Every structure is written in C-alpha cells, then in structure tokens.
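Structural overview for review
Take a look at the letters that make up each chain.
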Amino acid sequence: MGFAEAVMMGLATDGGLLLPEQIPVIAPEQLRQWTGLSFTDLAVEVLWPYVHEALTRDTLQELVRRSYAGFTHPDITPVVAVGGRRILELFHGPTAAFKDVALQWLGNLFEYFLQRGGGQLNIVGATSGDTGSAAIYGVRGKQRIQIFILHPHGRVSPIQERQMTTVLDANVHNLAIEGTFDDGQRIVKELFNDLEFKHHYQLGAVNSINWARVLAQVVYYFYAWGRVGGDLAKPLAFAVPTGNFGDIFAGYVARRMGLPIGRLILATNRNDILTRFVETGAYTLGEVQPTVSPSMDIQVASNFERYLFYVLKQDSGAVRELMVQLGRDGGFSLSASCMEQVRADFSAVAVSEAATLEQIRATYQATGYILDPHTAVGVRAAADDPAAICLATAHPAKFGEAVQQAIGRAAPEPASLQGLLERETRCVRLPAESGAVKQWIINTLAGGV
Ligand SMILES: *Cc1c(COP(=O)(O)O)cnc(C)c1O
C-alpha cells in the first residue's frame with residue numbers, strides 16, 4: 001500500500017493503525033543543513049521521504065504552501081522565550097489550536113488525491129469541541145468533499161460552537177444533536193458500521209488515527225530544534241500535553257529519524273491512563289473525568305497502539321493481541337523488559353487541576369505570558385527541567401473560563417476568534433438517533449449541494 005491509499009483509508013482493513021514500512025533516518029550533516037530553513041521549506045524536506053512515491057516535489061511544495069498560508073505568524077510555529085522557558089507555539093492556525101497544523105495539510109491531501117483519482121469523500125465525525133472546528137477549517141470550500149460534524153446541542157462552549165457554525169461554505173454541515181457527546185460518537189459509529197451506507201456514500205473520518213496527521217506534526221519538532229540552536233551534541237527534551245498520544249508520538253518518530261531528542265515528557269491531566277502505564281506497566285481503562293483541559297480528557301489513547309508496535313519489536317501480531325485483550329478485559333500489562341524501554345523513551349507526569357491553574361497564575365505573574373490550560377499541564381510537568389521545550393497546544397483565549405479562574409482576567413483574542421458571536425451561523429438540530437442523522441445526510445447529498 002502506498003501513502004495515498006493510507007491517507008484515504010485512515011484505518012487498515014483489519015481495524016489496526018497504519019505505519020510506514022520504514023522510518024527514514026536523517027544523517028547529522030543533513031540535520032545541520034536543515035537548521036536554517038523556513039517552516040515550509042523544512043516541512044518539504046521532512047515529508048519528502050514519506051511521500052515521494054505519491055507526490056511530485058512540486059506538488060508537495062504547493063500542498064505545504066497552501067496548508068500553512070492561513071497561519072497568522074510568519075514562523076508558522078514560533079519558539080518564544082517566556083522567562084527562562086522556551087515555548088513552541090502551535091496555535092497560530094485558523095482555529096487557534098495545534099490540530100490545525102495537521103488538519104490543514106490533511107484537507108489539502110484529501111482534495112488533491114480525490115482530484116487525481118476521482119470520487120467523492122463524505123466526512124462524518126462527532127466532536128466535543130476542538131477537532132470538529134479544525135476539521136471543518138481543513139476542508140471548507142474544497143472540491144469533492146462534504147463534511148458533517150455532530151456536536152452535542154448546548155454542550156460545547158459558545159466559542160467552539162461558533163467556530164463551527166459560522167463556517168458557511170456549502171460543503172460544511174453542522175448537526176447539533178439533542179444529546180451528549182457520547183450520543184454523537186455512538187451515532188457516528190453506527191453509521192460507519194452500516195457498511196452498505198458507508199460504501200455507497202463514501203464515508204470517511206478525520207480522527208487522530210490518520211497517519212498523515214502524525215506526519216505533519218513531526219515537522220515542528222525538527223523546526224523547534226533548529227530554532228534553539230540545533231546542537232547535535234545536546235539532546236533536547238520536549239514536554240507534550242497528551243490526550244490521544246498523537247502529538248507525542250510525532251516526537252517519538254522525530255527521534256527515530258535521528259533528531260537528538262532526550263526526554264519526551266508525557267504530560268497528562270487527571271485522566272492519567274498513560275502516566276499510570278509508564279509508572280506501573282499496566283494500561284487499564286478508567287472513567288473519563290471532565291477537567292479544565294478538556295481536549296486531553298480521554299479514556300483510550302488512540303495512537304498509543306502505534307508506539308506499542310515499536311516497543312514490541314515490530315511484531316504486529318503481538319500488538320493485535322494486546323488490542324483484543326484491551327477490548328475484552330479493559331486492560332493489559334507489559335513485561336519488565338518492555339517497560340525499561342518505555343521509561344527510556346518517556347517520563348510521564350500527571351498534573352492536577354489545582355496545579356494547572358497554579359501554573360497559569362505563576363507564569364503570568366512572573367512573565368505576563370498567559371498559558372492555556374493544556375499548555376500549562378505540560379509546563380508544570382516539565383518543572384524540573386527548565387531547558388525542555390514546552391509545546392503550546394491552544395491559544396489561551398479559547399479556554400477563557402479556566403484562564404479567568406486562574407488569573408482573574410481574560411486573554412486577548414486573536415483575530416480568528418474576534419467577533420465570532422456576532423456572525424451569521426448555519427446549523428441543523430436533530431434528535432440523537434442514527435436513523436434521523438442518516439436520512440438527513442442522504443437528503444442533503446441528494447440535494448446536490
Ligand atoms: C488534541 C489536543 C491535545 C492532545 O493531543 P493528542 O495528540 O491527542 O495527544 C492537547 N491540547 C489541545 C489543545 C488539543 O486540542
């Protein structure tokens with residue numbers, strides 16, 4: 001299977017996640033030459049070995065250029081100094097969260113492969129906030145793509161709701177479901193399990209398991225390394241606020257490619273399945289608990305399966321067995337020798353809500369810089385490592401309530417969030433039943449939109 005096929009199918013036919021057969025290793029001289037490149041030129045270099053059989057170099061260049069043209073910072077993902085700490089800001093895209101880095105690129109890939117190969121794609125997804133808006137912005141106005149995003153009516157923050165419903169492009173369809181986020185997920189699952197419907201209507205997904213999303217995120221680890229001096233002799237640590245393990249797995253891939261990364265600090269909130277795993281070797285499901293960093297409130301970390309493949313010495317049968325066990329028993333444990341490897345790869349820290357808010361306050365008081373609550377989890381987790389680069393995954397204005405609670409004032413809004421509440425919206429409200437959603441999709445597609 002090639003890159004194009006992997007991008008279009010998302011998940012393998014047996015339900016597993018896809019990885020490239022080989023991860024290219026970049027020679028030190030090459031790394032050194034890359035340190036002066038702009039973000040987009042560097043992206044072309046990093047992505048090229050993975051995509052060269054599917055895209056010409058000119059096409060790759062054009063897709064990368066288009067994907068990052070809407071970012072408001074000239075560096076795309078700047079590294080800023082905050083007190084003595086270095087922060088990699090990933091939130092300068094159209095929806096002010098790091099998911100734009102991957103979803104802008106994925107949307108352009110979808111459009112390009114569909115134009116080249118023919119066909120249509122109807123993306124269906126459920127969101128509790130962040131992913132839905134980034135996915136919508138990734139494909140708005142694109143040829144041959146329609147997107148249907150379900151959100152729980154009245155249960156997403158006003159800003160997040162408006163980020164989705166103010167997009168008026170004809171190919172964007174917001175469905176407010178009279179139910180919870182879990183109802184939305186269940187409906188989407190039912191639609192995908194309806195194989196006749198799925199195939200006839202070419203349903204596709206944009207969740208975090210698409211390999212192309214991880215790949216786009218690998219780029220900014222290289223970029224940050226170059227920006228802080230690109231010293232091959234001094235391995236750098238990165239602190240990564242983690243939910244589905246996509247972002248930190250991209251860091252792991254960067255290290256396998258030869259980037260001198262020392263520690264990867266895996267920062268979780270109270271939903272600490274990954275931290276417990278690193279500490280105990282047992283990966284066991286718990287209940288999701290709502291926190292002030294909602295985009296990290298997860299039960300199963302969907303990309304973790306990819307890392308298991310490498311820990312288990314690239315034995316995909318062994319990975320499959322663990323996944324079966326997880327589904328059947330709600331957990332599994334790894335051997336002591338595997339855990340030695342895991343602890344060499346990651347150090348994990350769970351951060352309480354009180355400590356998260358305290359970190360926002362402390363950073364603000366010391367420097368005037370406002371962290372969003374997700375970023376604050378990472379900064380707190382890296383407290384004992386002042387040289388670590390902390391990934392800033394969202395703009396603080398997106399999570400105004402937590403920021404207000406921490407420092408008694410709101411963060412100034414970036415242009416992309418200004419005036420949202422006054423803009424025209426389009427959204428349909430539907431009962432939380434898959435039959436109703438399915439019929440609405442069928443009617444909408446038949447209407448020739
Ligand atoms: C999605 C998200 C995360 C978690 O990233 P993963 O790749 O799922 O680990 C962290 N912060 C914010 C703001 C997010 O939107």
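Residues numbered from 1 in each chain as written. Predicted model: local features only at pLDDT ≥ 70, side-chain atom pairs only at ≥ 80, totals over all residues. Heavy atoms only, no water.

**Brief notes about the overall build of the chain**
The condition that has to hold: What counts as a helix is a DSSP run of H or I of at least four residues, what counts as a strand is a run of E of at least two, and both are numbered from the N terminus. Note that the radius of gyration is over C-alpha atoms, with the globule rule given as 2.2 Å times the number of residues to the power 0.38. Here's how the labels work: a residue is buried when its accessible area is under 20% of the maximum for its type, exposed when over 50%, partly exposed in between, all with a 1.4 Å probe on protein chains only. Lys and Arg are tallied as positive, Asp and Glu as negative. Neither His nor the chain termini are counted. By convention, charge coordinates are those of NZ in Lys, CZ in Arg, CG in Asp, or CD in Glu.
For the chain, the count of helices and strands is 19 helices and 13 strands. Against the compact-globule benchmark of 22 Å for 449 residues, the chain has a radius of gyration of 21 Å, which places it among compact chains. Viewed in the frame of its principal axes, the chain has a C-alpha envelope of about 60 × 50 × 50 Å. Counting all 449 residues of the chain, 55% fall into the buried class. Averaging the coordinates of the 37 positive side-chain charges in the chain and doing the same for the 44 negative ones gives two points 2 Å apart.

**Concerning the site of the ligand**
This is how the line gets drawn: Whether a residue is near a molecule or strand depends on its heavy atoms: it is near if one of them lies within 4 Å of it. Polar contacts, as counted here, are pairs of nitrogen or oxygen atoms within 3.5 Å of one another; within protein the pair requires one atom able to donate a hydrogen and one able to accept it, and residues that are adjacent in sequence qualify only if both atoms are side-chain atoms. Values of accessible area rely on a 1.4 Å probe in the Shrake-Rupley scheme; residue burial ignores everything except the protein chains shown. Gly is put with the polar residues, along with every residue not named as nonpolar or charged; the nonpolar set is Ala, Val, Leu, Ile, Met, Phe, Trp, Tyr, Cys and Pro, and the charged set is Asp, Glu, Lys and Arg.
Taken together, 15 residues lie around the ligand, and K99, D130, G243, N244 and T393 are the ones closest in. Note that an oxygen atom of the ligand is positioned 2.8 Å from one of the backbone N or O atoms of G243. Here T393 contributes a side-chain N or O atom positioned 2.9 Å from a nitrogen atom of the ligand. Contact with the protein chains hides 96% of the accessible area of the ligand, taken as 380 Å² for the molecule alone. Considering only residue class, the shell around the ligand consists of 5 nonpolar, 7 polar and 3 charged.

**Section: the packing of helix α11 (residues 246–256) against helix α13 (residues 304–311)**
Formally: Axis geometry follows a simple rule: fit a line to the C-alpha atoms, using only the stretch in contact for helices, then measure angles between N-to-C directions, giving values from 0 to 180 degrees. Each crossing gets its hand from how the near helix is turned against the far one by less than a right angle, where anticlockwise is left-handed and clockwise is right-handed. Should any heavy atoms of two residues lie within 4.5 Å, those residues are counted as being in contact.
Packing of α11 against α13 brings their axes to within 10 Å, and their N-to-C directions diverge by 30°. Our pair here, α11 against α13, has a crossing hand that is left-handed. On α13, the residues touching F249, Y252 and R256 of α11 are R306, Y307 and Y310. Within the contact of α11 with α13, the residues separate by chemical class into 4 nonpolar, no polar and 2 charged.

**Some thoughts on helix α15 (residues 336–345)**
Stated formally: Taking the helix axis as origin, the arc is that swept by the directions to the C-beta atoms.
Those residues of α15 lying buried are C338, M339, V342 and D345. All buried residues of α15 fall inside an arc of 115° around its axis, so they share one side. Exposed and facing more than 90 degrees away from the buried side of α15 are A336, S337, E340 and A344. Its buried side turned inward, α15 meets α11, β8 (261–268), α12 (273–280), α13 and β11 (346–350).

**Focus: the pairing of strand β12 (residues 389–392)**
Here is the rule: Only strands joined by at least two bridges in the DSSP assignment are considered to pair.
Here β12 shows a buried face lined by I389 and L391 and a second buried face lined by C390 and A392. Where strand β2 (residues 85–89) and β12 come together, 4 bridges link them in parallel fashion. Across the sheet, residue L88 finds its bridge partner in β12, namely L391.

**Structural notes on unusual backbone geometry**
Positive phi values are uncommon outside glycine, yet I76 reaches one of about 65°. Tracing the backbone through its elements, the reader meets I76 in the loop between α4 (57–68) and β1 (79–82). Judged by its relative accessible area of 8%, I76 falls in the buried class. The phi torsion at F245 lies on the positive side, around 75°, for a residue other than glycine. Mapped onto the elements, F245 comes out in the loop between β7 (236–241) and α11. Judged by its relative accessible area of 1%, F245 falls in the buried class.

**Things to note about the packing of aromatic side chains**
To be explicit about the condition: Only Phe, Tyr and Trp rings take part, Trp by its six-membered ring, and two of them pair if their centres are within 6.5 Å. Stacked means planes under 30 degrees apart, edge-to-face means over 60, and tilted covers everything else.
Applying the stated rule across the entire model yields 25 aromatic pairs. Between the aromatic rings of F39 and Y68, the centroid separation amounts to 5.1 Å while the plane-to-plane angle is 75°, which identifies the pairing as edge-to-face. Taken together, the residues span a long stretch of sequence, with F39 in helix α3 (residues 39–51) and Y68 in helix α4 at a distance of 29 residues. Of the two residues, F39 and Y68, neither departs from the other in class, the shared state being buried.

**Here we look at the nonpolar core**
Spelled out, the test is: Buried Ala, Val, Leu, Ile, Met, Phe, Trp, Tyr and Cys residues form a nonpolar core when they are joined through side-chain atoms within 4.5 Å.
F3, W105 and Y221 are the most contacted members of the largest nonpolar core, which has 103 residues in total. Counting residues per element, this core draws most heavily on helix α10 (residues 211–227), which supplies 13 residues. Excluding anything up to four places from it in sequence, W105 contacts F3, L47, L60, L63, V64, S67, Y68, A212 and A216.

**Observations concerning the sheet that holds β8**
The sheet built from 6 strands is open, its strands ordered β1-β2-β12-β7-β8-β11 with mixed pairing. Here the strands that pair on one side only, and so sit at the sheet edges, are β1 and β11. Neighbour to neighbour, the strand axes of the sheet diverge by 30° on average, direction disregarded.

**Thoughts on the side chain of S133**
Among the structural elements, S133 can be located in helix α6 (residues 130–139). Overall, S133 belongs to the buried group, its relative accessible area being 0%.

**A look at the pattern of salt bridges**
Keep this limit in mind: Salt bridge, as used here: a side-chain nitrogen of Lys or Arg that lies within 4 Å of a carboxyl oxygen of Asp or Glu.
This structure, assessed with the given rule, holds 19 salt bridges. Between D183 and R186 there is a salt bridge whose closest N-O contact spans 3.2 Å. Taken together, the residues D183 and R186, both in helix α8 (residues 181–193) and 3 residues apart, mark about one turn of the helix. As a salt-bridge pair, R328 and D329 come within 3.0 Å of each other at their nearest N and O atoms. Among the charged side chains, a salt-bridge network with shared partners connects E62, R65, R66 and E111.

**A few points about helix α14 (residues 316–329)**
An α-helix turns once per 3.6 residues; consequently, residues spaced three or four apart project the same way. Definition in use: Expected span, for any helix, means 1.5 Å times one less than how many residues it has.
Here α14 contains 14 residues, and its C-alpha end-to-end distance of 20 Å stays within 8% of the 20 Å for a straight helix at 1.5 Å per residue. Among the residues making up α14, those that are buried are V319, L322 and L326. For α14, the buried positions fall inside an angular range of 60° around the axis, keeping them on one side. Across from the buried face of α14, at angles greater than 90 degrees, the exposed residues are E321, G327 and R328. Buried residues in α14 make contact with β9 (282–284), α13 and β10 (331–333). Of the residues flanking the start of α14, the one acting as N-cap is D315, its side-chain oxygen 3.1 Å from the backbone nitrogen of G317.

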